[in-house]
Amino acid sequence: MSVALALSRSAAFVGARGMRVGSAAARLMSVKGGSIPESEHDKVLYSLGINIARQVGAELKPQLSKEEMQSVILGFTDSLSDNIKDELTMLQTYGPKINELLMGRQRKAGDAEKAKGLDFITKYLSENPTAINTESGLVYHETVAGIGAQATIDSTVEVHYHGTTVDGTVFDSSVDRGESIKFPLKNVIAGWQEGVAKMKVGGKATLICPSEIAYGESGSPPVILPGATLVFEVELINVL
């Protein structure tokens, strides 16, 4: 699924019944960066752990230190192992503080990302006087003028695009995949709805989308952080 164009993020749900939790040290073999089981059955269970970690970790890794993550892992392990005498009391006491902690970290990270984005946009506009900064915050910079049909918000379009964060990290690229993509313009982020609707077939443009018209306060971790400004190089191939 394209990160840049997704309307919502969904994770595969993997359920398991009767999974035994206990010491598996005798069944593990060491590898660089961790340990994996030797048996095929245990590798399935190990992969279940990876699946859960990837779903949860994508949200937590940008907000917690490695030391803090160890406490999270300890709570996870103790709960699965039935080593906590009174989970309900623990959650009633400290559960409300979870959102307080994570939302505080998210706001702090989001503020930092927004500041980086503002600096990037200010510099870009100073270096590219033909770029347009619209009321929504979008920076629209036509690099190749199109001569074909113009897209509208109601159009289904075919495009090539290359998406990066302001530090140049590529998070999604149809160009790198070597395959263009088609989609209804109504179904994408607001920055694309506005920017692509300014283009004509054959045209190319840079779209710089602040978080308010991209992925907002939540982002799409781990690559797109909360408050992140996104940069897209877009070519409009066809209006369908």
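Higher on the page you've got the structure.
A few points on the structure. (Residues numbered from 1 in each chain as written. Predicted model: local features only at pLDDT ≥ 70, side-chain atom pairs only at ≥ 80, totals over all residues. Heavy atoms only, no water.)

**Re the overall build of the chain**
Summing up its helical and strand segments, the chain has five helices and nine strands in all. Going from the N terminus to the C terminus, the chain shows its helices and strands as β-β-α-α-α-β-β-β-β-α-β-α-β-β. Relative to its full complement of 240 residues, the chain shows a buried share of 32%. Carbon and sulfur atoms make up 55% of the accessible area of the chain, which totals about 14,800 Å². (Helix = DSSP H or I, 4+ residues; strand = E, 2+ residues; numbered from the N terminus. Buried < 20%, exposed > 50% of the residue type's maximum accessible area, 1.4 Å probe, protein only. Areas by Shrake-Rupley, 256 points an atom, 1.4 Å probe, with all protein chains shown as cover.)

**Overview of unusual backbone geometry**
With phi around 60 degrees, D82 is a residue other than glycine that occupies positive phi space. Classification of D82 as exposed rests on a relative accessible area of 68%.

**As for the packing of aromatic side chains**
Tallied over the entire structure, the rule returns five aromatic pairs. Between F171 and F232 the ring centres are 5.7 Å apart and the planes differ by 90 degrees, which places this aromatic pair in the edge-to-face class. In this pair, F171 is assigned in strand β6 (residues 170-173) and F232 in strand β9 (residues 230-239), connecting sequence segments 61 residues apart. Across the pair, F232 and F171 agree in class, each one buried. (Phe/Tyr/Trp six-rings, centres within 6.5 Å; stacked < 30°, edge-to-face > 60°.)

**Here we look at the nonpolar core**
Ranked by internal contacts, the top residues of the largest apolar core, which has 27 residues, are W192, V196, L207, F232 and V234. For this core, the secondary-structure elements that each account for two or more residues are β5 (156-165), α5 (190-196), β8 (204-209) and β9. For this core, the leading source of residues is β9, giving four residues. (Core = buried A, V, L, I, M, F, W, Y, C linked by side-chain atoms within 4.5 Å.)

**Remarks on the pairing of β6**
When β5 meets β6, the two strands line up antiparallel, connected through three bridges. Counterpart to G163 in the pairing with β6 is D172. Here β5 folds back onto β6, and the loop between the two strands holds four residues, one of which, G168, carries a positive phi near 95 degrees. (Pairing = 2+ DSSP bridges.)

**Observations regarding the pattern of salt bridges**
Under the defined criterion, the tally for this structure stands at seven salt bridges. Across the pair D154 and K186 runs a salt bridge, and its minimum N-O distance is 3.0 Å. Of this pair, D154 sits in the loop between β4 (139-144) and β5 while K186 sits in the loop between β7 (181-184) and α5, and the two are 32 residues apart along the sequence. Per residue, the accessibility class of D154 equals that of K186, and both read exposed. Two residues, D172 and R177, come together in a salt bridge whose shortest N-O distance is 2.7 Å. We classify D172 as buried; its relative accessible area is 7%. A relative accessible area of 45% places R177 in the partly exposed class. One salt-bridge network, held together by shared partners, links K114, E212 and E217. (Salt bridge = Lys/Arg side-chain N within 4 Å of Asp/Glu carboxyl O.)

**Section: the environment of E179**
Take E179: it is sitting in the loop between α4 (174-177) and β7. Overall, E179 belongs to the exposed group, its relative accessible area being 55%. The spacing of E179 and V159 is 20 residues in sequence and 9.3 Å in space, taken between C-alpha atoms. Here E179 is in contact with H160 and S174, once residues within four sequence places are set aside. (Contact = heavy atoms within 4.5 Å.)

**Some thoughts on the side chain of S211**
If you trace the backbone, S211 turns up in the loop between β8 and β9. Residues in contact with S211, not counting those within four places in the same chain, are K114, G216, G227, A228 and T229.

**Regarding a nonpolar patch on the surface**
On the surface, a nonpolar cluster with roughly 320 Å² of combined accessible area is contributed by I52, V56, F76 and L80. Mapped onto the fold, L80 is located in helix α2 (residues 66-80). We classify L80 as partly exposed; its relative accessible area is 40%. (Patch = residues over 30% accessible without salt bridge, like charges linked within 9 Å, V, L, I, M, F, W, Y side chains within 5 Å.)

It is worth stressing that arrangement in space is one thing and function is another; only the former is reported here.
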